[in-house]
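An overview of the molecular structure
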There are 2 protein chains.
Amino acid sequence: MNRLSLNQWTTRRWSVPEAVEGCRKHGIEAIGLWREPVAEYGLAETVRLVRDAGLRVSSLCRGGFFTGGTWLRDNRAAIDEAAELDAACLVLVVGGLPGVVPGEPPGLRTSRDLAAARTHVAEALESLVPYAEERGVRLALEPLHPMYCADRAVLSTLKQALDLAEPYPAERVGVVVDTFHVWWDPEVFDQIARAGDRIASYQVCDQLTPLPADVLLARAMMGDGVIDFAPLSAAVAAAGYTGDIEVEIFNADVWAADPDGVVETMKRRYAELVLPQD
Amino acid sequence: MNRLSLNQWTTRRWSVPEAVEGCRKHGIEAIGLWREPVAEYGLAETVRLVRDAGLRVSSLCRGGFFTGGTWLRDNRAAIDEAAELDAACLVLVVGGLPGVVPGEPPGLRTSRDLAAARTHVAEALESLVPYAEERGVRLALEPLHPMYCADRAVLSTLKQALDLAEPYPAERVGVVVDTFHVWWDPEVFDQIARAGDRIASYQVCDQLTPLPADVLLARAMMGDGVIDFAPLSAAVAAAGYTGDIEVEIFNADVWAADPDGVVETMKRRYAELVLPQD
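Chains are numbered independently. Their residues run from 1 in the order of the written sequence. Ligands are numbered from 1 and chains lettered from A, in the order in which they are written. Selection of residues for local features in this predicted model requires a pLDDT of at least 70, selection of side-chain atom pairs for listing and counting requires 80 or more, and totals for whole chains, interfaces and linings are taken over all residues. The side-chain numbers reported here are obtained from all heavy atoms of the structure, hydrogens and water having been left aside.

Turning our eyes to something else, we now look at the UniProt feature "domain: Xylose isomerase-like TIM barrel" (unreviewed entry) in chain A. UniProt positions are given in the numbering used here, feature names are shortened, and annotations may be inferred rather than shown by experiment. Summarizing the sequence annotation, UniProt attributes the feature "domain: Xylose isomerase-like TIM barrel" (unreviewed entry) to residues 23-266 of chain A in the numbering used throughout. Counting from the N terminus, the helices are the DSSP runs of H or I reaching at least four residues and the strands are the DSSP runs of E reaching at least two. The span residues 23-266 of chain A is 42% helical and 16% strand by assignment, and the distance between its end C-alpha atoms comes to 12 Å.

Further remarks concern the sheet that holds strand β5 (residues 139-141) of chain A. Strands were regarded as paired on the criterion that DSSP finds at least two bridges between them. Taken in spatial order, the 8 strands close into a barrel running β1-β2-β3-β4-β5-β6-β7-β10 (chain A), and their pairing is parallel. Strand-to-strand, the axes of this sheet are offset by a mean angle of 30°, without reference to chain direction. To define axes, lines are fitted to C-alpha atoms, for helices over the stretch in contact only, and angles between the resulting N-to-C directions are given on a 0 to 180 degree scale.

Before going further, it helps to spend a moment on the interface of chain B and chain A. Between two residues, a contact is recorded if the distance between any of their heavy atoms is within 4.5 Å. Counting from both sides, the interface comprises 36 residues of chain B and, opposite them, 36 residues of chain A. Once two parts are brought into contact, the accessible area they lose, counted with a 1.4 Å probe and summed over both, makes up the buried area. Between chain B and chain A, a total of about 2800 Å² is buried, with carbon and sulfur atoms accounting for 65% of that surface. Per-residue buried area on chain B facing chain A is highest for B:Arg112, B:Trp184 and B:Thr209; these three make up 20% of the total on that side. Each salt bridge in this description consists of a side-chain nitrogen of Lys or Arg and a carboxyl oxygen of Asp or Glu lying within 4 Å of one another. At the boundary of chain B and chain A, one finds 2 salt bridges. The closest approach of N and O atoms between B:Lys159 and A:Glu187, which form a salt bridge, is 3.3 Å. Polar contacts, as used here, are pairs of N or O atoms within 3.5 Å; protein pairs need one atom able to donate a hydrogen and one able to accept it. Residues neighboring in sequence count only if both atoms are side-chain atoms. Counting across the interface, chain B meets chain A through 6 residue pairs in polar contact (both at pLDDT 80 or more).

Take the sheet that holds strand β3 (residues 56-64) of chain B next. Residues and elements named next belong to chain B. The sheet built from 8 strands closes into a barrel, its strands ordered β1-β2-β3-β4-β5-β6-β7-β10 with parallel pairing. Between one strand and the next, the sheet's axes are offset by a mean angle of 30°, whatever the strand orientation. As paired elements, β3 and strand β4 (residues 90-93) share 4 bridges and run parallel to each other. Within β4, the residue paired with glycine 64 across the bridge is valine 93. Here helix α4 (residues 71-85) sits on the sheet in contact with β2 (30-34), β3, β4 and β5 (139-141), set at roughly 175° to β3. Against the sheet, helix α9 (residues 229-238) touches β6 (173-178) and β7 (199-204), its axis set at about 165° to β7.

Residue and element names in this part refer to chain B. Orientation of helix α1 (residues 16-26) relative to helix α3 (residues 43-52), taken along the N-to-C sense of each, is 10°, at an axis distance of 10 Å. In terms of axis orientation, α1 runs roughly parallel to α3. Counted together, Val16, Pro17 and Val20 of α1 and Thr46, Leu49 and Val50 of α3 form the full contact between these two elements. Residue polarity is assigned by list, with Asp, Glu, Lys and Arg as charged and Ala, Val, Leu, Ile, Met, Phe, Trp, Tyr, Cys and Pro as nonpolar; anything else, Gly included, falls into the polar class. Each residue belonging to the contact of α1 with α3 can be placed in one class, and the counts come to 5 nonpolar, 1 polar and no charged. Any angle that is under 35 degrees is reported as roughly parallel, and any over 145 degrees as roughly antiparallel; angles of 65 to 115 degrees are reported as roughly perpendicular and all others as oblique.

All names here are of chain A. Spanning 22 residues, helix α5 (residues 114-135) covers 32 Å between terminal C-alpha atoms, matching the ideal 32 Å at 1.5 Å per step. A residue's bend is the angle separating two fitted axes: one through the seven residues that end there, the other through the seven that start there. The sharpest bend along α5 reaches about 30° and sits at leucine 128, with the proline proline 130 one to four residues further on. Only protein chains enter the accessibility calculation, which uses a 1.4 Å probe. A residue is then buried if its area is under 20% of the maximum for its type, exposed if over 50%, and partly exposed in between. Every buried residue of α5 is listed here: Leu114, Ala117, Arg118, Val121, Ala124, Leu125, Leu128, Val129, Tyr131 and Ala132. The elements touched by buried residues of α5 are α4 (71-85), β4 (90-93), β5, α6 (158-165) and β6 (173-178). After α5 finishes, the residue glycine 136 shows a positive phi value of roughly 70°. A helix is expected to span 1.5 Å multiplied by its residue count minus one.

Glancing now at the relation of the copies chain B and chain A. Least squares is the method used to superpose the copies, on C-alpha atoms of residues holding a pLDDT of at least 70 in both. Least-squares fitting of chain B to chain A yields an RMSD of 0.0 Å, with the superposition described by an axial translation of 0.0 Å and a rotation of 180°. With respect to symmetry, the two chain copies, as superposed, fit the operation of a two-fold axis. The rotation axis passes nearest to the C-alpha of B:Ala213 in chain B, at a distance of 1.9 Å. A high fraction, 100%, of the interface residues of chain B reappear at the interface in chain A, so the copies pair face to face through one surface.

With that settled, consider helix α11 (residues 259-274) of chain B. Note on helix geometry: an α-helix contains 3.6 residues per turn, so any two residues three or four positions apart are oriented the same way. Residues and elements named next belong to chain B. Turning to α11, its buried residues number three or more, namely Pro259, Val262, Val263, Thr265, Met266, Arg269, Tyr270 and Val274. Across the axial projection of α11, the buried residues extend over an arc of 165°, all falling on one side. Those residues of α11 that are buried are in contact with β1 (4-7), α1, β7, α9, β10 (245-247) and α10 (252-256). Taking the helix axis as origin, the arc is that swept by the directions to the C-beta atoms.

Here we come to the environment of B:Glu264. Residues and elements named next belong to chain B. In this fold, glutamate 264 is placed in helix α11. The partly exposed category is assigned to glutamate 264, whose relative accessible area is 38%. Considered as a pair, glutamate 264 and histidine 26 are 238 residues apart in the sequence and their alpha carbons are 7.6 Å apart.

Attention now goes to the pairing of β4(A). All names here are of chain A. Here β4 shows two buried faces, one formed by Leu90 and Leu92 and the other by Val91 and Val93. If the strands point away from the viewer and the path from the first strand over the helix to the second runs clockwise, then the crossover is right-handed. The parallel pair strand β3 (residues 56-64) and β4, bridged by α4, forms a crossover whose chirality is right-handed. Between the parallel elements β4 and β5, the chain passes through α5 in a crossover that is right-handed.

What follows is the structure, encoded as structure tokens:
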């Protein structure tokens, strides 16, 4: 149980101090932070609070979105923040097709050149690695479910993420294994085995079916969807991953519920469904 | 242009005779039929109508859904119908996880054993091939976009479909390349090349972004979404496919529009965006 981490978006109503207090109260030893609430509370204040609480920062979400005009500056800032927070990794959600805005239909400035978009991701990564190296930050490429390919991440499979990470040391560029994004992939077990010490983060949540009207909110509490966690947890463990296991849920009902109740359910479902069996 | 085929679901309001007349009127030489409207009009009547109109039947949609209790009988009936119609192939949508009903949340009878579900698909296929062989019908495995993995098809990539087809002769078990389902796949060009004469059907439509509330209706007229058709058409042509190119659109706006207007737009967009360039 001591590897369980609360990704703060799971209890989105909680501010940074409320989430830190929630971890303390419920005996959770690690937290996954998001840049926006950290900025709101203050970076230095968050660093102090997390350190005083003795919490590990299992990840900082997120860098990436390399299609925006200020991506280089934004990502350097994210790396700086991850270094300050001593986060185990900075999660990178690489962005979709250039000119596609999440939630909006394609427009005149939309590119449909997927191959070029993917090449740009490789180039952007190359330009960020030295900066991350200097600051001792581990970048973590997150493949997203293919349903987000157009608007959020042209990085769609674990294989693709590992191919992209391959030129760099594993401690500098890792990958995120997120059950929601990878469970459907016929290659997932082979690729988790291949990943080995590239696994920088193991994130868990379930997938709703039917998908909700806003597919971004299709992430669900473990047990409320269709994912079988045990084989994925076993594969991640067999690959050698011993880091924190982060529960990250985007779900309207979960966000509307009492956060303390959500954390209780999360702990119970984690123990029942996710925890790697020895 | 003479390879363009109207999948009848694109003009869903049209009955079989209306769709056949629509093809005649708009100079379209091939049609993709669906079992339900064919049954409604009558199989023998459809055979006669299509033959008298000189139309090719580019595909019959669809067999599969191997999770239902009557799948074997249903699929044998579908094979019989495909033989009667002299369809170029019978499209197989293999079904999702056992006990998942499209549109409904998981229940007590839902299985989360994806590996077992995929093994069952291989076994079901094996049991159908001799029956298809006797009747001279070509089965066409259709990988569906991973967002349908739980409820419609545990067959999620072209690679997986080709692996499944491999034990059988190409003229007996082929695959469907549907732009909507495969465009995001980092392996798609390699797998199309590998497919070669296994390509039994090339289906085209675009993908809406953002995804609509019912993701089944995310298929769009070419040009209204984010897919770049030219490289996919070129790859399919380079693999040796010379069969019909079927436009299959599930989309509330397209279904609400005047079918003759839809067919006119389809012809124009096909010529502009899809037609393989020499």
